[in-house]
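Descriptive analysis of the structure
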Amino acid sequence: MKIIQIVGLANSGKTTFIKNLIPVLNLRGRVGVIKHLGDHDYLQEDGRDTTVFFENGADISAGIDSGKSVVTLRTTDLDKILLLFKQQGIDFAVIEGFKARNFPKIVIGDLSSATSIMRNPAIEQVVASLSRFEDY
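Residues numbered from 1 in each chain as written. Predicted model: local features only at pLDDT ≥ 70, side-chain atom pairs only at ≥ 80, totals over all residues. Heavy atoms only, no water.

1. Considerations on the overall build of the protein
- Along the backbone of the protein there are four helices and eight strands.
- N-terminal to C-terminal, the α/β element order of the protein is β-α-β-α-β-β-α-β-β-β-α-β.
- On the principal axes, the C-alpha backbone points of the protein span a range of 45 × 30 × 25 Å.
- Across the 136 residues that make up the protein, the buried fraction comes to 36%.
- Considering only contacts in the protein between residues 6 or more positions apart, those separated by 24 or more positions represent 59%.
- Per element, the accessible surface of the protein, about 8,500 Å² overall, is 51% carbon and sulfur.
- Looking at charge distribution, the protein has the averaged site of its 16 positive side-chain charges lying 7 Å from that of its 16 negative ones. (Helix = DSSP H or I, 4+ residues; strand = E, 2+ residues; numbered from the N terminus. Buried < 20%, exposed > 50% of the residue type's maximum accessible area, 1.4 Å probe, protein only. Contact = heavy atoms within 4.5 Å. Areas by Shrake-Rupley, 256 points an atom, 1.4 Å probe, with all protein chains shown as cover. Lys, Arg positive; Asp, Glu negative; His and termini not counted. Charge placed at Lys NZ, Arg CZ, Asp CG, Glu CD.)

Given below as structure tokens:
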């Protein structure tokens, strides 16, 4: 599984870049995305069964509808999520944020990064350089 980390300052275009990268990577394999929420917590919908289960101590709470599953895990460990992605057969783990991690990074905008291997690339440049990204 390739780890493709995208970093940048707020409102630099990271999410838009990833939104455009996903369909291109999908042509080459399965894609998973991890977003570091940083300065805000994800709010689960009050009163919903899956929220109630999680609030009452479930380590994993999942809901399944006709087209998808939504899973809440009681972990904030990036490595555990990467392992889960690997176990699920993900070929490309795209990480938005987690600037302190030392994976080879794509920098969007003006952020300084010692582990940057690309800055403001085109999607095609990323795909042509997949071998430069770390294998998990």
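Let's pick the thread back up.
2. Points about unusual backbone geometry
- Despite not being glycine, asparagine 11 shows a phi value in the positive range, around 65°.
- Asparagine 11 gets classed as exposed once you look at its relative accessible area, which sits at 82%.
- Even without glycine at this site, phenylalanine 98 takes up a positive phi of about 55°.
- Positionally, phenylalanine 98 belongs in the loop between β5 (92-96) and β6 (105-108).
- In this structure phenylalanine 98 comes out as buried when scored by relative accessible area, which is 19%.

3. Topic: the nonpolar core
- Ile4, Ile6, Phe17, Leu21, Leu25 and Ile106 are the most contacted members of the largest nonpolar core, which has 17 residues in total.
- Of all the secondary structure elements, the ones that give two or more residues to this core are β1 (2-8), α1 (14-26), β5, β6 and α4 (123-128).
- Broken down by element, the residue count for this core peaks at four residues, all from α1.
- Beyond its immediate stretch of four places on either side in the chain, leucine 21 contacts Ile4, Val94, Ile123 and Val126. (Core = buried A, V, L, I, M, F, W, Y, C linked by side-chain atoms within 4.5 Å.)

4. Quick word on the pairing of β6
- Both faces of β6 are covered, namely the face carrying Lys105 and Val107 and the face carrying Ile106 and Ile108.
- Of the pairings in the sheet, the one linking β1 to β6 comprises four bridges and is parallel in character. Counted as the bridge partner of glycine 8 is isoleucine 108 from β6.
- Pairing of β6 with strand β7 (residues 116-119) involves three bridges; the strand directions are parallel. Bridging across to β7, lysine 105 finds its partner in serine 116. (Pairing = 2+ DSSP bridges.)

5. Concerning helix α3 (residues 78-87)
- Among all positions of α3, only Leu78, Ile81, Leu82 and Phe85 are buried. End-on, the buried residues of α3 take up no more than an arc of 100°, which puts them together on one face. Opposite the packed face of α3, turned more than 90 degrees from it, sit the exposed residues Lys80 and Gln87.
- As for α3, its buried residues are in contact with β1, β2 (31-35), β4 (69-73) and β5.
- Put simply, aspartate 77 is the residue that caps the front of α3, since its side-chain oxygen is 2.8 Å from the backbone nitrogen of aspartate 79.
- Downstream of α3 by a residue or two, glycine 89 has a phi angle that is positive, lying close to 80°. (Arc of directions from axis to C-beta. Polar contact = N/O pair within 3.5 Å; in protein donor to acceptor, adjacent residues only side chain to side chain.)

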